[in-house]
Amino acid sequence: MQVEIQILFNTSVTAAIYLILANSFSFIYYPTKFFHLAHAIVISLGAYFVFLFAIRFPIPFAVSIPLAIAVATLVGLACEIFVYCPMRKRNTPPLNYLISSLGLYILLQNCVSIFFGDDTKIINTIEVTVGHQIFGAYITTIQIITVFISIAFFIAVNLFLNFSSTGKSIRAVSSNPDLSNIYGIPSNKTILISFGIGSSLAATAGILSAMDTNMSPTFGFNLLLYGVVAMIIGGVGSTTGLIAGSFLVATAQHLAGFYLDTKWMDAVTYFILILFLIWKPLGFSGKILKKIQL
Amino acid sequence: MKVQVILISYIELNNLEYLLHLFILIAVYTLLSQSLNLAAGMTGLISLSHAGFYGLGAYTTALLSVNFGFSFWLNLPIAMVLSGLVAMIVSFVALRTVEDYFIICSMGIQIILFSLMNNLMEVTRGPLGIPGIPSISLFGFGLDDKIPFLLLTFVFVSLVWLILRNIKNSGFGNTLIAISEDEIYTQSIGKNIYLLKVQSFSFSAMLAAIPGALYAHYISYIDPTSFTVNESIFILSIVIIGGMGNLAGSFYASAFLILLPEALRFVGMPDSIAANMRQIIYGLMLVLVIMTGKNGFKELFKIRSIVEKNRNR
Amino acid sequence: MSLSFKNIKFGYQKDKLLLNDLSFDLQSGKIYTLMGGNGSGKTTLFNILTGFIKAESGDIRWNGQILTGLSPYKINRLGIGRTFQDLRIITKLTVLENIVLAMKENPTDRLLVAVLPKQSGIKLKNQFEQKAISIADRFFLDDVLNSQAGEISYGQQKLLTIACCVANGSDLLLLDEPAAGIQPEYRIKIGLLLKDLKLEGKTIFLIEHNTDFIQEVTDHLFFLTEGNILSFDTLEELKQNPIVMEAFF
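What comes next is a walk through the structure. (Residues numbered from 1 in each chain as written. Chains lettered and ligands numbered in written order. Predicted model: local features only at pLDDT ≥ 70, side-chain atom pairs only at ≥ 80, totals over all residues. Heavy atoms only, no water.)

**Description of the pairing of strand S1 (residues 131-134) of chain A**
Residues and elements named next belong to chain A.
Phase 1: Pairing of S1 with strand S2 (residues 137-140) involves 4 bridges; the strand directions are antiparallel. Residue pairing in the sheet places Ile 134 in a bridge with Ala 137 of S2.
Phase 2: Hairpin connection from S1 to S2: 2 residues lie between these consecutive antiparallel strands, with Phe 135 at a positive phi of about 50 degrees. (Pairing = 2+ DSSP bridges. Helix = DSSP H or I, 4+ residues; strand = E, 2+ residues; numbered from the N terminus.)

**Observations concerning the sheet that holds strand S2 (residues 19-27) of chain C**
Residues and elements named next belong to chain C.
Phase 1: Ordered in space as S2-S1-S4-S5, the 4 strands form an open sheet in which the pairing is antiparallel. Strand pairing shows two members of the sheet lacking a second neighbour, S2 and strand S5 (65-66), which therefore form its edges.
Phase 2: Judged from the 5 bridges that link them, strand S1 (residues 2-10) and strand S4 (residues 57-62) form a sheet pairing that is antiparallel. Its bridge partner being in S4, Ser 4 is matched across the sheet by Arg 61.
Phase 3: Contacting S1, S2 and S4, helix H1 (residues 42-49) runs over the sheet at an angle of about 115 degrees to S1. (Contact = heavy atoms within 4.5 Å. Axes fitted to C-alpha atoms, helices over the stretch in contact; angles between N-to-C directions.)

**Some details on the packing of aromatic side chains**
Phase 1: Scanning the entire structure with this criterion turns up 35 aromatic pairs over all chains.
Phase 2: Relative to Phe 234 of chain B, the ring of Tyr 29 of chain B lies with its centre 5.4 Å away and its plane at 70 degrees, an arrangement referred to as edge-to-face. Placement of the pair is Tyr 29 of chain B in helix H2 (residues 16-42) and Phe 234 of chain B in helix H11 (residues 229-242), with a sequence separation of 205 residues.
Phase 3: Exposure remark for Tyr 29 of chain B: the relative accessible area of 3% places this residue in the buried category.
Phase 4: Between Tyr 32 of chain C and Phe 222 of chain C, the ring centres sit 5.9 Å apart and the planes meet at 15 degrees, which makes this aromatic pair stacked. You can see Tyr 32 of chain C sitting in strand S3 (residues 31-36) and its partner Phe 222 of chain C sitting in strand S9 (residues 220-225), a full 190 residues away along the chain. (Phe/Tyr/Trp six-rings, centres within 6.5 Å; stacked < 30°, edge-to-face > 60°. Buried < 20%, exposed > 50% of the residue type's maximum accessible area, 1.4 Å probe, protein only.)

**Some remarks on the interface of chain A and chain B**
Phase 1: On the chain B side, the residues contacting the 46 residues of chain A number 39 residues.
Phase 2: Where chain A abuts chain B, roughly 3,800 Å² becomes buried across the two surfaces, and 78% of that area is made up of carbon and sulfur atoms.
Phase 3: A per-residue breakdown of the area chain A buries against chain B is headed by Leu 95, Ile 99 and Ile 106 of chain A, which together make up 15% of the total.
Phase 4: Our enumeration of links across chain A and chain B arrives at 3 residue pairs in polar contact (both at pLDDT 80 or more).
Phase 5: Those elements that place two or more of their residues in the side of chain A that touches chain B are helix H3 (61-90), helix H4 (95-116), helix H9 (219-234) and helix H11 (265-279) of chain A.
Phase 6: When residues of the side of chain A that touches chain B are assigned to their parent elements, the largest contribution, 15 residues, is made by H4 of chain A.
Phase 7: Its residues assigned to classes, the side of chain A that touches chain B shows 32 nonpolar, 8 polar and 6 charged. (Buried area = accessible area lost by both parts, 1.4 Å probe. Polar contact = N/O pair within 3.5 Å; in protein donor to acceptor, adjacent residues only side chain to side chain. Nonpolar A, V, L, I, M, F, W, Y, C, P; charged D, E, K, R; others polar.)

**Looking at the nonpolar core**
Inside soluble globular proteins, nonpolar side chains tend to come together where they are buried.
Phase 1: Phe 35 and Tyr 84 of chain A together with Ile 167, Ile 210, Leu 214 and Ile 222 of chain B are the most contacted members of the largest nonpolar core, which totals 199 residues.
Phase 2: Discounting residues that sit within four places of it in the chain, Phe 35 of chain A has contacts with Phe 25, Tyr 29, Leu 98, Ser 101, Val 228, Met 231 and Ile 232 of chain A together with Asp 100, Tyr 101 and Ile 104 of chain B.
Phase 3: Ranked by size, the runner-up nonpolar core spans 49 residues in total, among them Ile 31, Cys 164, Cys 165 and Ile 190 of chain C. (Core = buried A, V, L, I, M, F, W, Y, C linked by side-chain atoms within 4.5 Å.)

**Focus: helix H7 (residues 146-169) of chain B**
Phase 1: Its 24 residues place the ends of H7 of chain B 34 Å apart at the C-alpha level, agreeing with the 34 Å of an ideal helix rising 1.5 Å per residue.
Phase 2: Looking only at H7 of chain B, the buried set comprises Lys 146, Phe 149, Leu 150, Leu 152, Thr 153, Phe 156, Val 157, Val 160, Leu 164, Asn 166 and Ile 167 of chain B. (Expected span 1.5 Å × (residues − 1).)

**Regarding the side chain of Thr 73 of chain A**
Phase 1: Structurally, Thr 73 of chain A can be placed in helix H3.
Phase 2: Setting aside its immediate chain neighbours within four residues, Thr 73 of chain A contacts Gly 196, Ser 199 and Ser 200 of chain A.

**What about unusual backbone geometry?**
Residue and element names in this part refer to chain C.
Phase 1: The phi dihedral of Asn 63 is positive, around 50 degrees, even though this residue is not glycine.
Phase 2: Tracing the sequence through the fold places Asn 63 in the loop between S4 and S5.
Phase 3: Among the residues examined, Asn 63 registers a relative accessible area of 46% and is labelled partly exposed.
Phase 4: If you check the backbone angles, Phe 140 has positive phi at about 60 degrees while not being a glycine.
Phase 5: By the element assignment, Phe 140 lies in the loop between helix H5 (122-138) and helix H6 (154-167).
Phase 6: Its relative accessible area of 29% is what places Phe 140 among the partly exposed residues.

**As for H2 of chain B**
Residues and elements named next belong to chain B.
Phase 1: With 27 residues, H2 ought to run about 39 Å at 1.5 Å a step, and its terminal C-alpha atoms sit 37 Å apart, in line with that.
Phase 2: Maximal helix bending in H2 amounts to about 40 degrees, located at Leu 36.
Phase 3: The first or second residue beyond H2 is Gly 44, which carries a positive phi of 80 degrees. (Bend = angle between axes of the 7 residues up to and from the residue.)

**Examining the pattern of salt bridges**
Phase 1: Applying the stated criterion across every chain yields a total of 7 salt bridges over all chains.
Phase 2: Between Lys 197 of chain B and Glu 183 of chain B there is a salt bridge; the shortest N-O distance is 2.9 Å. With Lys 197 of chain B in helix H10 (residues 193-219) and Glu 183 of chain B in helix H9 (residues 183-188), this pair connects stretches of sequence that are 14 residues apart.
Phase 3: Salt-bridge contacts for Lys 198 of chain C lead to Asp 219 of chain C; the nearest nitrogen and oxygen are separated by 3.2 Å. Of the two residues, Lys 198 of chain C is situated in helix H7 (residues 184-199) and Asp 219 of chain C in the loop between helix H8 (211-217) and S9; the sequence distance between them amounts to 21 residues.
Phase 4: Among the charged side chains, a salt-bridge network with shared partners connects Asp 182 of chain B together with Asp 86 and Arg 88 of chain C. (Salt bridge = Lys/Arg side-chain N within 4 Å of Asp/Glu carboxyl O.)

**Section: the side chain of Ser 216 of chain A**
Residues and elements named next belong to chain A.
Phase 1: In this structure, Ser 216 sits in the loop between helix H8 (187-212) and H9.
Phase 2: A relative accessible area of 18% means that Ser 216 is categorised as buried.
Phase 3: Beyond its immediate stretch of four places on either side in the chain, Ser 216 contacts Tyr 48, Asp 118 and Asp 119.

**With respect to the packing of H7 of chain B against H10 of chain B**
All names here are of chain B.
Phase 1: For the pair H7 and H10, interaxial distance at closest approach is 11 Å and the crossing angle is 175 degrees. Between H7 and H10, the angle is such that the two are roughly antiparallel. Seen from H7, the contacting residues are Lys 146, Phe 149, Leu 152, Thr 153, Phe 156, Val 160, Ile 163, Leu 164 and Ile 167; seen from H10, they are Phe 203, Leu 207, Ile 210, Leu 214 and Tyr 218.
Phase 2: By residue class, the composition of the contact of H7 with H10 is 12 nonpolar, 1 polar and 1 charged. (Parallel < 35°, antiparallel > 145°, perpendicular 65-115°, else oblique.)

**Points about the sheet that holds strand S10 (residues 228-232) of chain C**
Within a sheet, each strand pairs with its neighbour through backbone hydrogen bonds, oriented either parallel or antiparallel.
Residue and element names in this part refer to chain C.
Phase 1: In spatial order, the strands read S6-S7-S8-S3-S9-S10; together these 6 strands make up an open sheet with mixed pairing. Bordering the open sheet on either side are strand S6 (80-82) and S10, each of which pairs with just one other strand. With direction set aside, neighbouring strand axes in the sheet form an average angle of 20 degrees.
Phase 2: Taken together, the 5 bridges between S9 and S10 define a ladder with antiparallel strand orientation. Pairing of Thr 225 across the sheet is with Asn 228, part of S10.
Phase 3: The strands touched by H1 within the sheet are S3, S6, strand S7 (172-176), strand S8 (203-207) and S9, with S7 carrying the most contacts at an inclination of about 145 degrees.
Phase 4: Against the sheet, H6 touches S6 and S7, its axis set at about 165 degrees to S7.

Structure representation (structure tokens):
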């Protein structure tokens, strides 16, 4: 019984992180319709800047965390301003965005490697890594915080998209960028806002994950791919699908870790992804993404 | 790549042996990037699983020669057929997805292949790798030395280059180019694009087993770190920087990106940064090439020279 | 050769049918024209016939064989070729390569032949190129034979799409607006070419707006409006029809 509860706890925490990631990634994916893989570096950077500010020069966490999120968000915005936006003006084919985001990722990840080193780092703070015993299973404070932040973000994002005017314009750009330009919604500005929100969510997820376990310059990439898998499985364009997707990925990983071995977690995740891409390419929600252009 | 970095630190610069080693690496990456050029460059199947098939070739050869004492000349065709078969099975499913989803799907395939190499301890010895792969022998002569080995790789590079050039100039190659440009039109003139894509993807993976087998016998020790997603991204970058569908471009880009860290070391950059610096430079080149919408790095300069000419007038 | 549509139904929206129970036949060796207002479903009909879109119900029979449900490349191999309203050519290839590409049974289309050195296939390749050159000559493309297809003029690109369709060797040619947006002298040339093709036994099905051009070439007319198809023998007959008048004006 104890083991089952522990697996349940771990799954929920992992799912919570994936939910934030899937949310942050889809925020950018909806209006731009491409996979911004350089997002991975924003995840890593959030954590690394906390490490820099809070551990290297001791600035209190309460200040250094928002500061780190802000700096990481600026990097995300820079990607849009200096790379994707000029590309959009040139009307480059859709596939090229993904490739250039790969290039950006390689570029920035190696900058992080040079600056911070390739070794594994931990953000050790005694207060948040204390374990609590609930029903005989352990959960740390940071894990509890993670779950709550994830739920709060999810609700906030949905309220924002459905009720604020900016959120509505993001949805308008998502469904048809050209038409929204005609109706006076500036698509470039809206996309910039979604990059800002998406990046700050991603940086938060990175910090939470790094505080829970540890980090290396490439840890953002793995995390991001799990988030992307959760988004694809959940069905692009569906908010509740994201929850289902995150839980499915997290559950599969923890069950694989428990019954097989933790080393097979990656393989299982991608196996599920490939199964979904073949038999249910539209994910749980079943919404149609692209129509064949004739 | 890791093996290469370790080797660099052991072998002194300005050494002929080391120079030959670099040439052999250039040959390996030329084979890898040219074979990917068939799928990615000509057909438009941007695949991030090439390092996986490269690894499949290397592991097949290594396991066959260490466990059963097979020679390279028997290993190579087995590795090629196996790699091609796996690619064919995988592509039947992966090719149902399009564009971005295909890239993510191929990345998933890469990660699964890596995961098998890294975790299937009983077969591949996982992260410990496989040591003691014998060198290639030809007509009873061992090719331990670098010069004969380099000549052998040269033969393979020429052969693959010739085959790919023939394909590029054939009706098959033109059909692949047509698929990359307009799938709907290509279907409308009676081409079975699904089958052609499977053929192109599988043949490309089959050719990737050649550098895999060569590499395994050359370096005599392989481990999974040479066949990661990052390696796949690197090979794809070579193709894009060299120019999609441009075989000579792939060769020049391989040579440039292999020799780049050496050049950086030559100007006094420490070893630890030179490796990262190379990745930074190729990341930057990749972004520049894609951002400007040019086909390969060479074209960036073409435009610039025209601009300069106009200015001079 | 015979082509018959039976009870074809299609609609993008559930409640409104774009094509409502269409039935008509085409006979061999004639030039047919399909007319209709914008968005009346002319191109959709072509897309259904060539397998790019699936009809909701009904079948299409071609020489007794049901085409419904076949993939586009199979339909083409049965002898139905088409052009597209937006010019679809392979801009990265030359004009000659585009024509050769459209030809069927090219031996170097097979991977196993393609990897071999060129010499082995040179005789056959030449034979194909000769045929392609003669097609190019016929379509006034002889002086741009080795230019990139993306770099020739709009009118020449339009000619190239028809040349490719002819090189494809189909019995039924579906041409989507072959005379739209090109100079009058080319239009006359295309008209003459279509008549030549008819004499060679090809059946041609056009979508066209230009009345002069239609008057010149067509043997039979169809008018598509509100999901129904009307059939006429001459353009005059069509012009005097009250339903057509209502749809156009």
